[in-house]
Every structure is written in structure tokens, then in C-alpha cells.
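Residues per chain, in single letters:
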Amino acid sequence: MRLLVVEDDKDLNRQIVTALENAGYAVDKAFDGEEGLYLGETEPYDAVILDLGLPKVDGVAVLQGWRRAGKAMPVLILTARDRWSDKVGGFDAGADDYVTKPFHVEELLARVRALLRRAAGHATSELVCGPVRLDTRASRVVVDGNPVKLTSHEYRLLAYLMHHQGRVVSRTELVEHLYDQDFDRDSNTIEVFVGRLRKKLGVEVIETVRGLGYICAAPAKA
Ligand code: CA
């Protein structure tokens, strides 16, 4: 899952980005409304954290710009305390959720998880595909009840496929959603990661669809 954080307060931006990265997400960052607007219009994010008080272009205008451009990713806005009108303006502009500053980073993480799974049509924080269970709260994976240790890239790959299970996901889509913009992206590496992931899981839940990509599906019962 790839996220964008638009926040002009450098310390807060760093704090949010670090927490999200530690939780296993690929994260891009912007420090003003203009940069944020551009990134949100041109890159495919799974969710965005958007401050409303931003230099150059304010947050509500950024959000309106994305929605006008047909960008439907979930957006969580950061608002100042006691500014109820900000929240109303944000929701009217197309926000999906909000957090009031100052906030606990755990709350932000929980809200982001909820946005991501709702956007993918899941009701709970645990995703299940056959014998594989992925707990998005603890970033843990279990196969037939046994914990499996994955690297952050392998976890991201599996989480993305499991959020979108039953649908073919192309290699290009994976590259766009698993890495931040600074990463040296190469779609060949996806194949390598899928190979390692399959080996670690030890069960057939990731199928290759020749020429199209991959699909996560529960294995047929033998
Ligand atoms: Ca601000």
C-alpha cells in the first residue's frame, strides 16, 4: 500500500511518515499544497493524509482539485482543534475521515487501516485467503496457524494482493503501489519478491496469470 502525506510542519510530517513506514507502508511526502496536488493527481495512492492549513494551495482546494480530476482515493484530513467549519469544508470537498491535532499517531494508523480496508471492501482488520491470515493491525502473517516472518517488501506485496484478492493485479500496478517515488522501481524485482513470498508461505495462494499479473485466491481443496 502506498500513501501520501501532505503536511507543511516538517517535524509532524516526519513523525507521520516514520510511523507509516514502520507499519509497512510505502510513503511519499509533500510539504505544501502545490506539491501535494501534483503528486495526488499523478501518482496512484491507496490513501492520503492531508493537512488543511497548507502554504501555496490550502488543503480543501487540493482535495477539490483531486476530486475534480476524478481521483477517488480515500483522504484523511488533519484539522486544528475547535475548527468545526474546517471539518465540514473538508467533508464537503470529498474527505473520508479526519483527525484533530494534536493526535496520537496510533489513532492515525488505526484510521488509515480502516480507510484502506473499507476502500477494498473488507469489514475487519484481519484478511483471510485460504490458510493465510494477515493481521493488518500487527502486520503479522500466519499460515495454518503458524507465524511466517516476512520482510517489509514481502509483507507489502502480500497485503496488497490480499486487499485485492480475487482480482488480477498487474506487475505495473504492484510496482506503483508498493514503492515510494524515491525507490528505484523495476518490475522484474516483483517476480523475485513473488517467488520468495510463495516459498515462505509454502501454500499456493498467489497464482500467476500469464501476461496479466497475479491473483490471490484460496487454493482449491484437494
Ligand atoms: Ca499546516
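Residues numbered from 1 in each chain as written. Predicted model: local features only at pLDDT ≥ 70, side-chain atom pairs only at ≥ 80, totals over all residues. Heavy atoms only, no water.

As for the pairing of strand E7 (residues 132–135)
Two faces, one strand: in a regular strand the side chains alternate between the faces of the sheet.
Part 1 of the argument: Burial along E7 is one-sided: the residues Val132 and Leu134 are buried and none of Arg133 and Asp135 is.
Part 2 of the argument: Across four bridges, the pairing between strand E6 (residues 126–129) and E7 is antiparallel. Within E7, the residue paired with Val128 across the bridge is Arg133.
Part 3 of the argument: Direction of pairing for E7 relative to strand E8 (residues 140–143): antiparallel, over a ladder of four bridges. The residue bridging Val132 from the neighbouring strand is Val143, located in E8. (Buried < 20%, exposed > 50% of the residue type's maximum accessible area, 1.4 Å probe, protein only. Helix = DSSP H or I, 4+ residues; strand = E, 2+ residues; numbered from the N terminus. Pairing = 2+ DSSP bridges.)

Points about the sheet that holds strand E9 (residues 146–148)
Part 1 of the argument: Overall, antiparallel pairing links the four strands, which are arranged E6-E7-E8-E9 in an open sheet. Of all strands in the sheet, those with a lone pairing partner are E6 and E9, marking the two edges. On average, each strand axis in the sheet is inclined to that of its neighbour by 25 degrees, with strand direction left out of account.
Part 2 of the argument: Against the sheet, helix H6 (residues 152–163) contacts E6, E7 and E8, and its axis sits at roughly 105 degrees relative to E7. (Axes fitted to C-alpha atoms, helices over the stretch in contact; angles between N-to-C directions. Contact = heavy atoms within 4.5 Å.)

Shape is all these values report; function is a separate question.
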